[in-house]
Amino acid sequence: MNQQEALFRFALRMGDNALVLGHRISEWCGHAPALEEDIAQTNIALDLIGQARNYLTYAGEVEGKGRKEDDLAYLRDSREYINALITEQPKGDFAHTIVRSFLWDAFHRPLLNALANSSDERLKGIAEKAVKEVAYHLRHSSEWLIRFGDGTEESHRRAQTALDELWRFTGELFEADEAEQILAKEGVIPPLESLKAEWNATVDRVLAEATLKRPSEGWMASGGKKGVHTEHLSLMLAEMQTLQRSYPGVEW
Amino acid sequence: MPSAAEIEQLLEVVKDPEIPVISIRELGVLREVSVNNGEVEVTITPTYSGCPAMDFMRLEVERTLKQAGIGNFQVKQVLSPAWTTDWINEEGRRKLLEFGIAPPPHSADIRTLKGEAPPIACPQCGSTDTALVSHFGSTACKALYKCNACKEPFDLFKCH
């Protein structure tokens, strides 16, 4: 794999992560527990989908085969998606959504902070913009998690259950694939394991305040970054892609 | 051929569709206009990654240029340096306030740097006895507040 192929793969992954998570969060539109929260979740989804557009456009340009953002979003099957497994998990109850967002946001922010200093001008530009948005995401998911954990018996139980279920998907975030290893060596992206300390600190601080128990490390699931997904992704894509699949090239 | 300054003046009619009192220049979205060998280049920058108004503003720039008889142009979108609310000029801040949207705190405000929230004045009655309802509002760039004095809800253009 040369550096250009690695860059394509990385930009594609950043786009896939943002698109898949953005789509999952958008499933709350019209269903969130309160009107303000409905607006908040759809705003967050919109930020992520906007970021995905920037990454996928760039990935298409780096690849040089004329694929546009829409081709990459709507015309790839689940095996060609290389997002992390945590982003594709169903939204579950609201505690589940908040825990997933929190675990992701706590990783996403230091990643973007580092990418905002990337030697690649384009990644730097996308990250500089996105990092300010993600600071709001992390604050929002942290505040909810504290309210759930330190709330009623029921909210605590649901938050802890979600945490225990989703924990197994956090290991993959820090596992660098070949593309990420190449780019880290060239100083284009940070070594992923270097983000672990900040992630740990954020997770421990918020869980302590939320009176939630950090799960033991245990077995970690992985595969998403290689295109081996849980069954949930293909079902999600079937819905997300149906319009372009049924009416190829249709425009809004 | 109009000059860059004249074109900038011409583009004053392009407003943010969500806040139709403020032009893209006052908003800081319009970064640069240059004229080189008869070709006009307009540089714009998005406020938020997912701002749906961006495509509209780009189309409006194109339409305005065409209407003025300018055919040879390019509208370029740049991401870096990233847009910040500090680029909203004084005129823009005044218009936001008149429109009923509290202008954003300056990011260099020492309280912002310390992670404290500077007091936000209600755009209706001016009271600073206000409270945050949600960090996320009717559009990506706004937060939802309420005024404890006059009891009205209002939008804050959030610091970014």
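Along each chain, residue indices are assigned from 1 in the same order as the chain's sequence is written. As they are written, the chains are lettered A onward and the ligands numbered 1 onward, keeping that order. Residue-level local features of this predicted model are given only where pLDDT is at least 70; pairs of side-chain atoms are given and counted only at 80 or more, and the full residue set underlies all totals for whole chains, interfaces and linings.

For the rest of this paragraph, the subject is the overall build of chain B. Secondary structure elements are taken from DSSP: a helix is a run of H or I of four residues or more, a strand is a run of E of two residues or more, and numbering for both begins at the N terminus. Scanning chain B for helices and strands turns up 5 helices and 9 strands. Secondary structure elements in chain B, listed N-terminal to C-terminal, are α-β-β-α-β-β-α-β-α-β-α-β-β-β. Principal axes of the C-alpha set define a box for chain B whose edges measure 55 × 30 × 25 Å. Every C-beta atom is placed from the backbone, and the number of other C-beta atoms within 10 Å of a residue's own sets its class: buried at 20 or more, exposed at 12 or fewer, partly exposed in between. Residue burial in chain B is summarised as follows: out of 160 residues, 36% are buried. Residues are treated as contacting if the C-beta atoms built from their backbones sit within 7 Å of each other. Long-range pairs, those at least 24 residues apart, make up 51% of the contacts in chain B between residues at least 6 apart in sequence.

Assigned secondary structure in chain A consists of 10 helices and 0 strands. Sequence-ordered secondary structure for chain A, helices as α and strands as β, is α-α-α-α-α-α-α-α-α-α. We take the radius of gyration over the C-alpha atoms and set the globule estimate at 2.2 Å times the residue count to the 0.38 power. For 252 residues, the compact-globule estimate of 2.2 N^0.38 gives 18 Å, and chain A sits close to it at 18 Å. Principal-axis analysis of the C-alpha atoms gives chain A an extent of 55 × 45 × 30 Å. Across the 252 residues of chain A, 47% fall into the buried class.

This paragraph deals with the pairing of strand S9 (residues 153-157) of chain B. Residue and element names in this part refer to chain B. Most of S9 sits inside the fold, with 4 of its 5 residues counted as buried. Here 2 bridges tie strand S6 (residues 101-102) to S9, and the two strands are oriented parallel to one another. Opposite isoleucine 101, over in S9, you have aspartate 155 as the bridge partner. Strand pairing is defined by DSSP finding a minimum of two bridges between the two strands. Counted along the chain from strand S8 (residues 142-147) to the antiparallel partner S9, the turn is 5 residues long, and its residue lysine 151 has a positive phi close to 70°.

Attention now moves to the environment of Pro215(A). Residues and elements named next belong to chain A. Within the fold, proline 215 resides in the loop between helix H9 (196-210) and helix H10 (231-246). By the C-beta count within 10 Å, which is 15 here, proline 215 ends up partly exposed. For proline 215 and arginine 168, which are 47 residues apart along the polypeptide, the C-alpha to C-alpha distance reads 9.2 Å. In this structure proline 215 touches Leu163, Asp164 and Trp167, once residues within four positions along its chain are discounted.

In this model helix H2 (residues 35-63) of chain A runs 42 Å from its N-terminal to its C-terminal C-alpha over 29 residues, within 8% of the 42 Å that 1.5 Å per residue would give. Positive backbone phi, at 75°, marks Gly64(A), one or two positions downstream of H2(A). Under the convention used throughout, the expected extent of a helix is 1.5 Å for every residue step, that is, one less than its residue count.

Our focus in this paragraph is the pairing of strand S3 (residues 30-36) of chain B. Residue and element names in this part refer to chain B. As paired elements, S3 and strand S4 (residues 39-44) share 6 bridges and run antiparallel to each other. From the neighbouring strand, serine 34 faces S4, where its bridge partner is glutamate 41. Linking S3 to S4, which pair antiparallel, is a turn of 2 residues; within it asparagine 37 sits at a positive phi near 50°.

Moving on, we come to helix H3 (residues 53-67) of chain B. All names here are of chain B. Here H3 is 15 residues long and its end C-alpha atoms lie 21 Å apart, about the 21 Å a rise of 1.5 Å per residue gives. The complete set of buried residues in H3 reads Ala53, Met57, Val61 and Leu65. The buried residues of H3 occupy one face: seen down the axis, they fall within an arc of 115°. Across H3 from its buried face, at more than 90 degrees, point the exposed residues Asp55, Leu59, Arg63, Lys66 and Gln67. Taken together, the buried residues of H3 touch strand S1 (15-16), helix H2 (24-27), S4 and strand S5 (73-77). Phi for glycine 69, located one or two positions after H3, is positive at around 80°. In this context, the arc is that of the directions from the helix axis out to the C-beta atoms.

Residue and element names in this part refer to chain B. Read from one edge to the other, the open sheet built from 4 strands follows the order S6-S9-S8-S7, with strand pairing classed as mixed. Whereas interior strands pair on both sides, the edge strands pair on one side only; in this sheet they are S6 and strand S7 (130-134). Where S8 meets S9, 5 bridges bridge the pair, whose relative direction is antiparallel. Residue alanine 143 lies in a different strand from S9, and its bridge partner there is leucine 156.

Attention now goes to unusual backbone geometry. Put simply, Ser80(B) and Pro81(B) share a cis peptide bond, and its omega is -5°. Checked against the element boundaries, Pro81(B) lands in the loop between S5 and helix H4 (90-99). Phi is positive for Thr211(A), close to 55°, though the residue is something other than glycine. For Thr211(A), a count of 13 C-beta atoms within 10 Å translates into the label partly exposed. Of note, Asn37(B) is a non-glycine position whose phi angle comes to about 50°, a positive value. By secondary structure assignment, the location of Asn37(B) is in the loop between S3 and S4.

The next subject is the domain arrangement of chain B. Residues and elements named next belong to chain B. When cut into domains, chain B gives domain 1 (4-83) and domain 2 (86-157). Just so you know, the domain bounds were taken from an automatic or database domain assignment. For domain 1 versus domain 2, the distance between C-alpha centres works out to 26 Å. Taken together, the contacts link 12 residues of domain 1 with 12 residues of domain 2. At the level of secondary structure, the elements contributing two or more residues to the side of domain 1 that touches domain 2 comprise strand S2 (19-23) and H2. Considering each element in turn, the side of domain 1 that touches domain 2 owes the most residues, 3 residues, to S2. Residue classes in the side of domain 1 that touches domain 2 are distributed as 7 nonpolar, 3 polar and 2 charged. Side-chain classes follow a simple rule in which Ala, Val, Leu, Ile, Met, Phe, Trp, Tyr, Cys and Pro form the nonpolar group, Asp, Glu, Lys and Arg form the charged group, and the remainder, Gly included, forms the polar group.

It is worth spelling out the packing of helix H1 (residues 3-26) of chain A against H2(A) at this point. All names here are of chain A. To obtain each axis, a line is fitted to C-alpha atoms, and for helices this fit is confined to the stretch in contact; angles are then taken between N-to-C directions over 0 to 180 degrees. Direction vectors running N to C along H1 and H2 enclose 160°, while the axes themselves pass 7 Å from each other. Classified by the angle between their axes, H1 and H2 sit roughly antiparallel to one another. Of the two possible hands of crossing, H1 and H2 adopt the one that is left-handed. Here the contact of H1 with H2 is built from residues that sort into 19 nonpolar, 7 polar and 1 charged. Oblique is the label for every angle not falling under 35 degrees (roughly parallel), over 145 degrees (roughly antiparallel), or within 65 to 115 degrees (roughly perpendicular). Left-handed describes a crossing whose near helix is turned anticlockwise from the far helix through less than a right angle; right-handed describes the clockwise counterpart.

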